[in-house]
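Survey of secondary and tertiary structure
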Amino acid sequence: MKDIKVLGTGCANCRATVQRIEEAARAKGVEIQLTKVEDMPSIVGYGVMATPGVVVDGKVVHAGGVPRKEVIETWLV
């Protein structure tokens, strides 16, 4: 199971990122635990200055803008 965190304050891009990750995981048949992190001290604690940020298994893999479907799929391997 992949542990995925979406870092952001709940903006439209953050919601779109959550939706894309959920859709990609379903399509690939990958089980994920998806958590939304919305408090700024926690987000900054990951070193992310542009949201949405994405953390997969403890590693920051994305910051700023909605990631493309193809990129998300690489996180689910």
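Reference entry: report on the structure contained in this document. (Residues numbered from 1 in each chain as written. Predicted model: local features only at pLDDT ≥ 70, side-chain atom pairs only at ≥ 80, totals over all residues. Heavy atoms only, no water.)

**Here we look at unusual backbone geometry**
Let me state the cut-off plainly: Helix and strand labels come from DSSP, where a helix needs a run of H or I of at least four residues and a strand needs a run of E of at least two; each type is numbered from the N terminus. Note on classification: 1.4 Å probe, protein chains only; a residue is buried when its accessible area is under 20% of the maximum for its type, exposed when over 50%, partly exposed between these limits.
A cis amide bond, omega 0°, links Thr51 with the succeeding residue Pro52. Along the chain, Pro52 turns up in the loop between helix H2 (40-45) and strand E3 (53-56). For Asp57, which is not glycine, the phi dihedral falls at a positive 50°. Position of Asp57 among the secondary structure elements: in the loop between E3 and strand E4 (59-63). Residue class for Asp57 comes out partly exposed when judged on its relative accessible area of 44%.

**Some words on the pairing of strand E2 (residues 32-37)**
We count it as follows: The rule for pairing is simple: two strands pair if DSSP sees at least two bridges between them.
Sheet topology places strand E1 (residues 2-7) next to E2; six bridges connect them, and they run parallel. Residue pairing in the sheet places Leu7 in a bridge with Val37 of E2.

**A short note on the nonpolar core**
This is how it is decided: We call a set of buried Ala, Val, Leu, Ile, Met, Phe, Trp, Tyr and Cys residues a nonpolar core when their side-chain atoms join them within 4.5 Å. Here a residue-residue contact requires only that any non-hydrogen atoms of the pair lie within 4.5 Å.
Grouped together as the largest cluster of nonpolar side chains are twelve residues: Ile4, Val6, Val18, Ile21, Ala24, Ala25, Ile32, Val54, Val56, Ile72, Trp75 and Leu76. Put simply, the parts of the chain that give this core at least two residues each are E1, helix H1 (12-28), E3 and helix H3 (69-75). Counting residues per element, this core draws most heavily on H1, which supplies four residues. Apart from the residues lying within four places of it in its own chain, the contact partners of Val56 are Lys2, Asp3, Ile4, Val61 and Trp75. Residues Val37, Ile43, Val48 and Val55 belong to the second largest nonpolar core, which totals five residues.

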